[in-house]
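Below are the chains, spelled out letter by letter.
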There are 2 protein chains.
Amino acid sequence: MPDILVVGSVAYDDVQTPFDRKREVLGGAASYFALAACRYARVHVVAVLGDDFRDEDVEQLRCKDIDVSGLERRAGPSFRWSGRYDYDMSAAETLHTDLGVFADWRPELPEDKRAVPFVFLANIDPEIQLELLDQVRRPRFVAMDSMNYWLEFKRDAVADVMSRADLVCINESEARQFARTFSIIRAAREILELGPRALVVKRGENGSMLFTKEDRSDAHRLFWSPAYPLEKVQDPTGAGDAFAGGLVGYLAADGDIDPMALRRAVVHGTVSASFAVETFSVDGIASATRGAVEERYEAIRSLVAIEARALAGTPPR
Amino acid sequence: MPDILVVGSVAYDDVQTPFDRKREVLGGAASYFALAACRYARVHVVAVLGDDFRDEDVEQLRCKDIDVSGLERRAGPSFRWSGRYDYDMSAAETLHTDLGVFADWRPELPEDKRAVPFVFLANIDPEIQLELLDQVRRPRFVAMDSMNYWLEFKRDAVADVMSRADLVCINESEARQFARTFSIIRAAREILELGPRALVVKRGENGSMLFTKEDRSDAHRLFWSPAYPLEKVQDPTGAGDAFAGGLVGYLAADGDIDPMALRRAVVHGTVSASFAVETFSVDGIASATRGAVEERYEAIRSLVAIEARALAGTPPR
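Residues numbered from 1 in each chain as written. Chains lettered and ligands numbered in written order. Predicted model: local features only at pLDDT ≥ 70, side-chain atom pairs only at ≥ 80, totals over all residues. Heavy atoms only, no water.

Engineer: What is the right way to look at the pairing of strand E5 (residues 67-73) of chain A in this model?
Structural biologist: Looking down a regular strand, the side chains alternate between one sheet face and the other. All names here are of chain A. The pairing of strand E4 (residues 42-49) with E5 spans five bridges and is classified as parallel. Residue pairing for E5: Val46 is matched across the bridge by Gly70. Read from E4 through helix H2 (residues 55-62) to E5, the crossover connection turns out right-handed. (Pairing = 2+ DSSP bridges. Helix = DSSP H or I, 4+ residues; strand = E, 2+ residues; numbered from the N terminus. Right-handed = clockwise from strand over helix to strand, strands pointing away.)

Engineer: What exactly am I supposed to notice about the sheet that holds strand E5 (residues 67-73) of chain B here?
Structural biologist: Adjacent strands of a sheet form backbone hydrogen bonds with each other and so pair up, either parallel or antiparallel. Residues and elements named next belong to chain B. The nine strands are arranged E5-E4-E1-E8-E9-E10-E11-E12-E13 in an open sheet whose pairing can be described as mixed. Of all strands in the sheet, those bounded by a partner on one side alone are E5 and strand E13 (222-225). Strand after strand, the sheet turns through a mean of 15° between neighbouring axes, direction not considered. Here four bridges tie strand E12 (residues 208-212) to E13, and the two strands are oriented antiparallel to one another. (Axes fitted to C-alpha atoms, helices over the stretch in contact; angles between N-to-C directions.)

Engineer: What am I meant to see in the interface of chain B and chain A here?
Structural biologist: With 59 residues of chain B in contact, the opposing surface of chain A contributes 59 residues. Across the chain B/chain A interface, buried area totals approximately 5,500 Å², and carbon plus sulfur atoms make up 54% of it. With a shortest N-O distance of 2.3 Å, Glu307 of chain B and Arg264 of chain A are connected by a salt bridge. The interface formed by chain B and chain A includes 18 residue pairs in polar contact (both at pLDDT 80 or more). Contributions of two or more residues to the side of chain B that touches chain A are made by helix H7 (184-193), E13, helix H8 (239-254), helix H9 (259-276) and helix H11 (290-304) of chain B. The element contributing the most residues to the side of chain B that touches chain A is H11 of chain B, with nine residues. Residue composition of the side of chain B that touches chain A, grouped by class: 32 nonpolar, six polar and 21 charged. (Contact = heavy atoms within 4.5 Å. Buried area = accessible area lost by both parts, 1.4 Å probe. Salt bridge = Lys/Arg side-chain N within 4 Å of Asp/Glu carboxyl O. Polar contact = N/O pair within 3.5 Å; in protein donor to acceptor, adjacent residues only side chain to side chain. Nonpolar A, V, L, I, M, F, W, Y, C, P; charged D, E, K, R; others polar.)

Engineer: Which parts of the structure should I look at to understand the packing of aromatic side chains?
Structural biologist: For any pair of aromatic rings, geometry is given as the distance between the ring centres together with the angle between the planes. All told, the structure shown has 16 aromatic pairs over all chains when counted by the stated rule. Arranged with centres 4.4 Å apart and planes meeting at 5°, the rings of Phe33 of chain B and Phe120 of chain B form a pair that is stacked. Pair noted here: Phe33 of chain B is in helix H1 (residues 29-37) and Phe120 of chain B is in strand E8 (residues 118-121), with a separation of 87 residues, a long-range link. There is no split in this pair, since Phe33 of chain B and Phe120 of chain B are both buried. The interplanar angle of 50° and the centroid separation of 4.9 Å between the aromatic rings of Tyr149 of chain B and Phe153 of chain B together place this pair among those described as tilted. A residue pair is termed a helical-turn pair when its members lie 3 or 4 positions apart in one helix, as Tyr149 of chain B and Phe153 of chain B do in helix H4 (residues 148-153) at four residues. Take Phe153 of chain B: its relative accessible area is 54%, and that puts it in the exposed class. The ring of Trp224 of chain A is capped by Arg203 of chain A, whose NZ or CZ atom sits 5.2 Å from the centre of that ring. Directly above the ring of Phe182 of chain B sits Arg176 of chain B, whose terminal nitrogen or CZ lies 3.8 Å from the centroid. (Phe/Tyr/Trp six-rings, centres within 6.5 Å; stacked < 30°, edge-to-face > 60°. Buried < 20%, exposed > 50% of the residue type's maximum accessible area, 1.4 Å probe, protein only. Lys NZ or Arg CZ within 6 Å of the ring centre and 35° of its normal.)

Engineer: What exactly am I supposed to notice about the sheet that holds strand E6 (residues 80-84) of chain B here?
Structural biologist: Residues and elements named next belong to chain B. Strand order across the open sheet formed by four strands is E3-E2-E6-E7, with mixed pairing between neighbours. Each edge of the open sheet carries a strand with a single partner, namely strand E3 (21-27) and strand E7 (93-98). On average, adjacent strands in this sheet sit at an angle of 20° to one another, irrespective of strand direction. Bridge count for strand E2 (residues 11-16) against E6 is five bridges, and the pairing is parallel. Within E6, the residue paired with Val15 across the bridge is Gly83.

Engineer: Honestly, the side chain of Thr237 of chain B in this entry has me stumped. Any pointers?
Structural biologist: Residues and elements named next belong to chain B. On the secondary structure map, Thr237 appears in the loop between E13 and H8. Within the local environment of Thr237, its side chain forms a polar contact with the side chain of Tyr85, the two groups lying 2.8 Å apart. In contact with Thr237, other than residues within four places in its own chain, are Asp13, Val15, Tyr32, Trp81 and Tyr85.

Engineer: Is there a simple way to explain the state of the cysteines in this structure?
Structural biologist: Simply put, the disulfide is a covalent bond whose two ends are the sulfur atoms of two cysteines. All names here are of chain A. According to the stated counting rule, one finds zero disulfides over all chains in the structure shown. Here Cys38 stays free of any disulfide, with the sulfur of Cys63 as its closest cysteine sulfur at 8.7 Å. The buried category is assigned to Cys38, whose relative accessible area is 6%. (Disulfide = S-S within 2.5 Å.)

Engineer: Looking at this structure, how should I read the pattern of salt bridges?
Structural biologist: Where side chains of opposite charge bring their charged atoms close, a pairing between them can arise. Evaluation of the coordinates by the stated rule reveals 60 salt bridges over all chains. The salt bridge partner of Arg189 of chain A is Glu231 of chain B, with a shortest N-O separation of 2.7 Å. Of this pair, Arg189 of chain A sits in helix H7 (residues 184-193) while Glu231 of chain B is found in the loop between E13 and H8, placing the two residues in two different chains. Classification of Arg189 of chain A by relative accessible area gives partly exposed; the value is 41%. We note a salt bridge from Asp55 of chain B to Arg73 of chain B, for which the minimum N-O separation is 2.9 Å. One end of the pair, Asp55 of chain B, is in helix H2 (residues 55-62); the other, Arg73 of chain B, is in strand E5, with 18 residues separating them in the sequence. Because the salt bridges share partners, they merge into one network encompassing Glu24, Asp52, Arg54, Asp57 and Arg80 of chain A.

Engineer: Please explain the packing of helix H6 (residues 172-179) of chain A against H7 of chain A as it appears in this structure.
Structural biologist: Each pair of packed helices gets described by two things: the angle between the helix axes and the distance between those axes. Residue and element names in this part refer to chain A. In the contact formed by H6 and H7, the axes pass within 9 Å of each other and the chain directions differ by 65°. The orientation of H6 with respect to H7, classified from their angle, is roughly perpendicular. Regarding H6 and H7, the two cross each other, and that crossing is left-handed. From H6, Glu172, Ala175, Arg176, Phe178 and Ala179 reach across to H7, where they touch Ile184, Ala187, Glu190 and Ile191. (Parallel < 35°, antiparallel > 145°, perpendicular 65-115°, else oblique. Left-handed = near helix turned anticlockwise from the far one by under 90°.)

Purely geometric stuff here, so don't read any function into it on its own.
Shown next, in the form of structure tokens:
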């Protein structure tokens, strides 16, 4: 079974929507990622927990065969985030962030996790991401995420991480912010010029776009994925991390990393995200079955299928 | 060659974007529709012109083999619209609308246009759309558009038109407004329950969604089309009408009206819209060549192509 290393937050969330509110539920980028990726590969989580972190929440990861030996306990409070969504559920308004023990954590990778072939650097301080890249040994594939805060205050460090990653996986607004342009196509070109072989631009309910550099033909350089259509979204928190988990998990299991494999991986990411947003916290992504994943993969293929026949009748003039 | 009837505005537009401004250029829903659809079929335009309308603009339609005998000249000013787009180019802000001779026009269909098999009712007063439906004789396919104003003030009449149409083709915000829900899926269900066999929800740069009722399987009831990715959009005016023109034009030429034909038609609509927004006024859609249309159709197919292989390596757990 392939191995994936994820470094990022394991946290407690307090989430409000117009319909409901959940307090102190398991969250954090690494939790969502791991619970999505564990369906495809053996996931090793590296994160820091406060002394208030509940054993049952660690158990939720462990019982999925996720390696939790890289979870470090420290005296102090766990990372806590509280946010609120409006009716359109498109973007969270952060009400409060308490970094707790995460604030001055500098991860030191355990020896047994330094040679893992697939690495996901979840959204953390880009300087820490760079330190982690110095600690891993020739990984086969590195994917990274970031956020508006780092793009604003540590842009150069983020660019360094991008240049050392194989896949950059960020939101549409972040891509625009990074490249200081409204045009996603121009932003993608600028990011790919830094070095990564692929860029995924996450667009929430509008799906995602995959840009690849190297390919047999121009036609395959861009892939446009829909979101999985859901009538009801309960909580968008963690959608991007579950997306990355499905994507990197699929790639690790598939073996190929060419543009067509990346397309399939993006669809697996889309499927993972769809399960994540159907419930509060990690419950949706944790309980998705193999059959349900495959069903949604096929549903997305149907959703976008277009026949080759351009015109059966009179040819266009 | 199949015949299509379009009834709607032929107008002069004054369009401002952050980059440029064009005054008194040919516009109007029927102009954009006709110039897109004439690539596939013989288009008959029914509209009213003021005595200030320039012959050269009528000639722009006529030289594309569009039947302009249904253009009625009246004393008074032509329909004029002025609007402004912000940097994101997503929605026009209407600065001024002067209906001119369009204000109290009640179209009386010439005898030779009453038996045309494909009909597009562009965005006009829904009561006029209903009168037109009383005048046509058993058309094979009727498509209709509308706008927020009619949805607000003449909702029942719009619902009547929808119930008598085969295809409803409206914007995302209008679908939401009509069904008074944020959920597009719920809005689509409500609109399809009125009677049309299909609904296209236009989503601007996010593409479009096709909902069909009757089909072999559930999987084909929804089709998600991307927009054609453009690095530069000069003027979004008329995109929706060019979309409808490519869509209805393709259907008329193809002969089939099943869900898979509707998917191909939506892609042709998407291609038409992409040409329309690349220039101010109708120049882009008027000058698109057959080769360029086919190239973009194939590019969209590539853009969304997903391989069947779900997992080559370890099966998901």
